[in-house]
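Working through the structure, step by step
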Amino acid sequence: MTFKNLNYNKKVSLIIAIYNSELFLPKLLNSIKNQTYRNIEVILVDDGSPDDSGIICDEFAKNDNRFIVIHKENGGTCDARNAGLKAVTGDYLMIIDGDDWLEEDYVEYLINIAESTQSDMALSTNVFTTRDRKQVENDKIEVWTNEKATAAIIYPYFKLGPWNKIYSTKLIKENNIDFSVPWFGEGLYFASKASQFANQVGVGHKKVYNYRLNNAGSGLTVYKVQNGINALINIKNIKSNLYIKTKTVEDAVEWHLWKNYSFLLLQIIGTKSEKLYRNEYKNCICEIRQTWIRVFLNSKVNKKEKIKILLCGLFPVSYSKLTIIKKKITLKKDLNSIGESL
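Residues numbered from 1 in each chain as written. Predicted model: local features only at pLDDT ≥ 70, side-chain atom pairs only at ≥ 80, totals over all residues. Heavy atoms only, no water.

Let us now look at helix H8 (residues 225–240). Over its 16 residues, H8 extends 23 Å from the first C-alpha to the last, a length consistent with the 22 Å expected when each residue adds 1.5 Å. For H8, every residue scored as buried is listed here: Val225, Asn227, Gly228, Asn230, Ala231, Leu232, Asn234, Ile235 and Ile238. Tucked into the core, H8 has its buried residues touching helix H5 (146–154), helix H7 (186–197) and helix H9 (247–270). (Helix = DSSP H or I, 4+ residues; strand = E, 2+ residues; numbered from the N terminus. Expected span 1.5 Å × (residues − 1). Buried < 20%, exposed > 50% of the residue type's maximum accessible area, 1.4 Å probe, protein only. Contact = heavy atoms within 4.5 Å.)

Structure follows, in structure tokens:
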């Protein structure tokens, strides 16, 4: 995909919250340093890392004045990202996870979409993962209404998170969009709120972001009941503060709310905490069973997802236990491939 008349005077701020990422950080920072779009500032927020992450950040900043390092006491991912948002001076901003890495045209591709479509926000629907290294063959740049984009993010029809997207700094600042919510589900909150206030959203499909699935310490590979509780809080927060209140968006929210009850149940069973979280355990099963038919009928999801709703709705506990077994097998394969992605 070739774009014309790109305005290289527009500065892009990249915000990276970093904690215990020394194993993966050099690959990420080198991928940022080698971006084809050069007019960037890189805000590295060292969130009190006990490892050498802060030292690695400082070394990169010494050799490239586009890198800015903020050292702070540990306050969690949301607090670190908010510190980064306060330091932004660019026309656009991007959020990146500290254990992932970027293709060289990551910034150029996404700012091109935003600029060429005159959109407050742009994204790609696809990412590379440590399992999937095949590039999209045909890319088509589209413009979505904020309603369509919001529903697509909330379902989600593509990888969930604030990354793999670019936001107008003006959009974020004027609408007071930040990460002042519980960690886990905060990316969905941020991206869906931004899309609701955007004039429109530019959409591409090329893979320019590399999402790591073989980090044994990430929130998606470790079972934590609090993660499930936080995710539920954030989708309820989205539901109660919707700016676009159409059936399309509300159906997406109801699907995600149902999904997060099943996610919390998974965390409780995965940590063998059924007795400790007896009330939450019973409530999840009740919500899953009582609402699955409505979610099944109203959700705009594919056939595979419909089957999952059916199975989880009828057999929530058995389905969760089977999911845990499958995840263990998949994670073992992912961890065996870690050396290939460093």
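The structure having been displayed, the exposition proceeds.
Another point: the sheet that holds strand S4 (residues 92–97). Pairing in this open sheet of 8 strands is mixed, and the strands run S3-S2-S1-S4-S9-S6-S10-S8 from one edge to the other. The open sheet has two edge strands with one neighbour each: strand S3 (67–72) and strand S8 (142–144). Shown here is a sheet whose adjacent strand axes are inclined to one another by a mean of 20 degrees, direction ignored. (Pairing = 2+ DSSP bridges. Axes fitted to C-alpha atoms, helices over the stretch in contact; angles between N-to-C directions.)

Relative to each other, H7 and H8 sit at 20 degrees, their axes nearing to 8 Å. One way to sum up the angle between H7 and H8 is to call them roughly parallel. Helix-helix and strand crossings are classified by hand; for H7 and H8 the assignment is right-handed. Within the contact between the two elements, H7 uses Glu186, Leu188, Tyr189 and Ser192 and H8 uses Asn234, Ile235, Asn237 and Ile238. (Parallel < 35°, antiparallel > 145°, perpendicular 65-115°, else oblique. Left-handed = near helix turned anticlockwise from the far one by under 90°.)

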